[in-house]
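Topology and contacts: notes
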Amino acid sequence: MSIERLLGRPLAVINVGLEVFAQELEADGVPVVHLDWRPPVGGPRIAAILARLADDEGAGGMGGS
Amino acid sequence: MTTGAVRAVVWRSYYQDSMALMRLAATLRERPGVREAAALMGTPANHDVLRGAGLAVPEAADAGPSDLVLVVSAATDADAEAALGAAREFFERRQRVVEESGRRRPRTLSSARRDLPDANLVAISVPGEYAAAEAMRALKAGLHVFLFSDNVALEDEIALKRLAVERQLFCMGPDCGTAYVNGVGLGFANVVTRGRVGCVAASGTGLQAVVSRLDALGEGISHAIGVGGRDLGAAVDGAMTKLALHALAADTGTELIVVISKPPAPSVLSPLEQAIRATGKPVVVCCLGAAPRADGNARWVATLDDAAGCAVATLRGQAWTPRSFGDPATVRTRLESIRGGSGALLGLYTGGTLAHEARVVLEPLIGAVAYGAHGGGPHRVLDLGEDEFTVGRPHPMIDPEARAARVRDSVERADVGVLLLDLVLGKAAHADPATPLVTALFDARRAAERAGRSLTVVASVTGTARDPQGLQRQTEALEGAGTIVLPSNAEAARFAALTLRRDLATTLLGGSS
Amino acid sequence: MTVSIAAANREAVDRLCRARPTWIAMSTAREALGLNGRTLLHAGPPIAWDRMCDPMRGAVLCAAQYEGWAADPVEAERLAESGDIAFAPCHSRGAVGPMAGIISPRMPVIVVEDPVNGTRAWSTMGTGPGPQIRFGAHGPEILARLAWNHEVLAPALQTVLDREGPLDLTALMAQALTMGDEMHMRNAASTSLLARWLAGPLVSAVKDPTQLERVLRFLTRDNDQHFLTWAMGAAKTAARAIEGLEGSTMVSAMARNGVEFGIRVAGLGDRWFTGPASVVAGAYFPGFSAADANRDIGDSAIMETYGLGGMAMVASPAVIRIVGAKSFQAALATTRSMQEITAGANPAFSIAAVDGDGAPTGIDVRRVVESGIVPSINTAIAHRDRRVARIIGAGIATPPLEPFTEALLAFDGAYR
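Residues numbered from 1 in each chain as written. Chains lettered and ligands numbered in written order. Predicted model: local features only at pLDDT ≥ 70, side-chain atom pairs only at ≥ 80, totals over all residues. Heavy atoms only, no water.

Our next topic: the overall build of chain B. Counting its regular elements, chain B contains 18 helices and 20 strands. Its C-alpha radius of gyration of 24 Å places chain B within 12% of the 24 Å reference for a compact globule of 513 residues. Considering only C-alpha atoms, chain B reaches an extent of 70 × 65 × 40 Å along its principal axes. Per-residue burial over chain B gives 58% buried out of 513 residues. (Helix = DSSP H or I, 4+ residues; strand = E, 2+ residues; numbered from the N terminus. Rg over C-alpha atoms; globule rule 2.2 N^0.38 Å. Buried < 20%, exposed > 50% of the residue type's maximum accessible area, 1.4 Å probe, protein only.)

Next comes the structure, spelled out in structure tokens:
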């Protein structure tokens, strides 16, 4: 169950945004990767399309990688 | 118009996060000769901010959302140039730290997952207009989401939570400031013990207050799932709250659940009560402003400290009733030492829920309390984290100067007799929020004295013994400036009310508990 | 969405990685590509004569004379201006051509086939050091060289193939990669390996000793880039396996015509998405500078499409100097960036400098748009004037982002 993947296992975080949150997690010994994020060229409209076309691990039971 | 120099530099394709930029601007402002400094990405909104601050310069006019704009206004050219040089060093140092660590920072979520294949949560704090897209991507990838960003459209929140529930994933937020998973604090989190209380919170500072209080009373947190401020509204229909309750019910480490929120929308109330009942565990519900009651396995309480107190008592099999003050004798002594007790009450808050709680506690005691800067009065509570106060300016939890300025300003202008404050500690917050506040309080006292007015300052400190700022140090700093510090926000509000309404002392402090 | 992009892309990467392009034959463009009448193929996305850059025009004038449609460059130019020549991209016929990339009916072509995915593609042959049609040369000397290729070289190579059987280009390129080639701007090892394979059999394939010596010198001396067109044929053969793959956001072609840069996307079939061809950032030979340079040109970006060239830059320390890159660290950073925008890695092309990771393979337009990182192309720089018609340097071309964004939007529209 997906909840079990979070509450039952060690936390491992991908941080997207404010770097201070990644720094705090690192100081806590939590495995964390800080994304070098920037707004996509083309703005929120492009961001929305990227989200729409993003790989869907749960769709149609096709199972993720 | 004053003379002086304005210098600017634009760094193309040099995106930096807003908090890093605010910290930089604050550092630059402290430099000799610097009058004003701005470090902003070139978004249309930020160009407006620059214009408003008189810092719009032609060389920055074509800066776009991925370009960093630095503008410094100083007494002399040399001062301005030195400040820009310091900024350059700041970024070079940051870059060196990254390079020396040898790790390359991924630019896409997919690459990040290659770097960290066991990742199970994505923490998102990008600007609001991009946050929903990032969250959607994470959910589709089968990852849980901690969504700190606010200014996310309601319809996006609904779509995100619909997908999250379908995939049995948490979407914590939008506008979720704090959460705890497996003993790790996310966002603005206090350092607390791991333990047996699970929380579901529609509020960041509300959660911080409850977990800090639990920690002080010797209990710890299993998990605290943030759901964002709109979750219990009619539109979102409690989607995440129900999922979180279900998860905590199944979690063997959770013995008792605390729910922290504003009152749910009428359509959501009954399903929420059902979900609470279905957990089969004791649940303490703090819906600020709702009437206290008992309902099967659930106990509804009026304030945040009541929630903590009731939870602890329940866990230990003790009886519990709400009390106005934990230590009425000490409160009485302090009350008697205060002269004066007239004028208006002004609450200057950094935590929205704490501001709301203050108002809920105050109004039955002192009458109408205006919320926000406009209309009503004389009594008023301001949530300085609200949009109207933070456009282009730092959130007061990150930069205490903003509130300090307001303290000076308000006491100088108005007939403020009682100042009510919160001080919120924890990770990611400012390293020493008490000091700028204390400096402002000294100035405010002097101003009040000059005007022949009395000024009472009442506060609570939300934090734990192990928080980086040092709970004791921060409390003592406030007390050293003549502030009366109470153990909780609700008690602080009640105390503030008592200074204006001595006649209430019997009710609030009198014999019975 | 009924089709799974993730699944389609996994299939695309699989096809690219398992491809085993093999050199099977020589042919002519007429026979292999059905090129008839007065049709010329050119590099890059579609472009008409009036917009062509000078080097490409020079190559057209050369081809027109070579075909016998015109007696001299002046007549050839009149022919081109009159609209009597039809133009089409090499890619439209499953072919690739370097720099100007002009292919005419009589020209010999290399035939490459992939038995695993069942695809085929074609490429041209260079004419060695000296004037080259690919840079716009159109005088008597280049015509003589083209004639020699046609009459002597191509038949000799066909004879070798008849006797030796097909040549596994994947194995050759994998070996060359370990020897410091990236197969776009650095082909010294691959050229040597090809010459080594051909040398012995050529002895009996070319009866005339003078011609034999000429062929061997051609293959082994002053011709370090000779293998490029074989590499391009191999890359195109592999890439053809993903053309038209439903639901895939993988780039199936990248190409430039000196004026525009264009891409094709697997799930969007034959559509071109274009933007301005870039100014190449590079290192120049003595006497030349950026002022003399033509914009980015050629179908050779098919190398990067396949995961070699700029994508595998760090495998080739020598190319770093050739293209004027700053340092090994910079090359490493480039390959790491290319890993960001690709969906997979080709285990057939293992790169020691990145801990044996396979070459970054399968450029995903979604990742390009999300990260803002565009594929990095190592390329030759041509002189802008067809009267000079030569290479003047080498560098790194950074294509525009717009074609990738346009492709993303088109994909979104097509797959709703």
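All right, on to the packing of helix α7 (residues 204-216) of chain B against helix α12 (residues 352-366) of chain B then. Residue and element names in this part refer to chain B. It is the contact of α7 with α12, at a shortest axis distance of 6 Å, that shows an interaxial angle of 80 degrees. Comparing their axes, α12 and α7 come out roughly perpendicular. Here α7 contributes Thr205, Gly206 and Ala209 to the contact with α12, which in turn contributes Gly352, Thr353 and Leu354. Looking at the contact of α7 with α12 residue by residue, the classes come out as 2 nonpolar, 4 polar and no charged. (Axes fitted to C-alpha atoms, helices over the stretch in contact; angles between N-to-C directions. Parallel < 35°, antiparallel > 145°, perpendicular 65-115°, else oblique. Contact = heavy atoms within 4.5 Å. Nonpolar A, V, L, I, M, F, W, Y, C, P; charged D, E, K, R; others polar.)

All names here are of chain B. What you see with strand β17 (residues 380-383) is no split at all: Arg380 and Leu382 on one side and Val381 and Asp383 on the other are buried throughout. As defined by bridge partners, strand β15 (residues 344-349) adjoins β17 across 4 bridges and the pair is classed as parallel. Counted as the bridge partner of Gly347 is Val381 from β17. (Pairing = 2+ DSSP bridges.)

This paragraph deals with the interface of chain A and chain B. Contact with chain A, which involves 48 residues of that partner, is made by 58 residues of chain B. Approximately 4,800 Å² of surface area, both sides summed, lies buried where chain A meets chain B, with 62% of it carried by carbon and sulfur atoms. Broken down residue by residue, the surface that chain A buries against chain B is led by Leu7, Ile14 and Trp37 of chain A, which jointly contribute 15%. Here Arg105 of chain B and Glu19 of chain A are joined by a salt bridge, their closest N and O atoms 2.8 Å apart. Counting across the interface, chain A meets chain B through 26 residue pairs in polar contact (both at pLDDT 80 or more). Contributions of two or more residues to the side of chain A that touches chain B are made by α1 (2-7), β1 (13-16), α2 (19-27), β2 (32-34) and α3 (43-52) of chain A. Per-element tally for the side of chain A that touches chain B: the top contributor is α3 of chain A, with 7 residues. Counted by class, the side of chain A that touches chain B contains 30 nonpolar, 6 polar and 12 charged residues. The pairing of β1 of chain A with strand β4 (residues 121-124) of chain B spans 4 bridges and is parallel. Pairing of Val16 of chain A across the sheet is with Ile124 of chain B, part of β4 of chain B. (Buried area = accessible area lost by both parts, 1.4 Å probe. Salt bridge = Lys/Arg side-chain N within 4 Å of Asp/Glu carboxyl O. Polar contact = N/O pair within 3.5 Å; in protein donor to acceptor, adjacent residues only side chain to side chain.)

Turning next to the packing of aromatic side chains. A full pass over the atoms with the stated rule returns 15 aromatic pairs over all chains. With centroids separated by 5.3 Å and ring planes inclined at 75 degrees, the aromatic side chains of Trp11 of chain B and Tyr14 of chain B adopt a geometry described as edge-to-face. The class of Trp11 of chain B is buried, set by a relative accessible area of 18%. Feature note: the residues Trp11, Tyr14, Phe90 and Phe91 of chain B constitute an aromatic cluster, connected by ring pairs. For the cation-ring pair, Arg57 of chain C lies above Trp49 of chain C, with the distance from its terminal atom to the ring centre recorded as 4.5 Å. Between Arg106 of chain C and the ring centre of Tyr66 of chain C, over which it is positioned, the NZ or CZ distance is 4.7 Å. (Phe/Tyr/Trp six-rings, centres within 6.5 Å; stacked < 30°, edge-to-face > 60°. Lys NZ or Arg CZ within 6 Å of the ring centre and 35° of its normal.)

To continue, consider the interface of chain A and chain C. Counting residues at the interface gives 14 residues for chain A and 17 residues for chain C. Between chain A and chain C, roughly 1,300 Å² of surface is buried when both sides are summed, and carbon and sulfur atoms account for 66% of that area. Linking chain A with chain C are 2 salt bridges, by the criterion used here. Close ionic contact of Asp55 of chain A with Arg366 of chain C constitutes a salt bridge, the shortest N to O distance being 2.9 Å. Where chain A touches chain C, the interface holds 4 residue pairs in polar contact (both at pLDDT 80 or more). Of the residues that constitute the side of chain A that touches chain C, the class distribution is 8 nonpolar, 2 polar and 4 charged.

The next subject is the sheet that holds β17 of chain B. Residue and element names in this part refer to chain B. If you trace the 6 strands from one edge of the open sheet to the other, you get β16-β17-β15-β18-β19-β20, paired in parallel fashion. Two strands in the sheet have a free side with no partner beyond their single neighbour: β16 (370-371) and β20 (484-486). With 2 bridges connecting them, β16 and β17 associate as parallel partners. For Ala370, the partnering residue across the bridge sits in β17 and is Arg380.

This brings us to the nonpolar core. Formed by 169 residues in total, the largest nonpolar core has its most connected members in Phe170, Val258 and Leu362 of chain B. If we skip the residues at most four places from it in the chain, Val258 of chain B touches Val197, Gly198, Cys199, Val200, Val210, Val284, Ala307 and Ala311 of chain B. (Core = buried A, V, L, I, M, F, W, Y, C linked by side-chain atoms within 4.5 Å.)

This next bit is on the sheet that holds strand β12 (residues 297-298) of chain C. Residue and element names in this part refer to chain C. Spatially, 4 strands are ordered β10-β9-β8-β12 in an open sheet, and the strand pairing comes out antiparallel. With partners counted over all chains shown, the strands left at the sheet margins are β10 (273-276) and β12, one partner each. Both strand β8 (residues 251-257) and strand β9 (residues 260-265) contribute to a ladder of 5 bridges, which runs antiparallel. Counterpart to Arg256 in the pairing with β9 is Phe261. The strands touched by helix α14 (residues 402-414) are β8, β9 and β10; relative to β10, the strand with the most contacts, the crossing angle is about 155 degrees.

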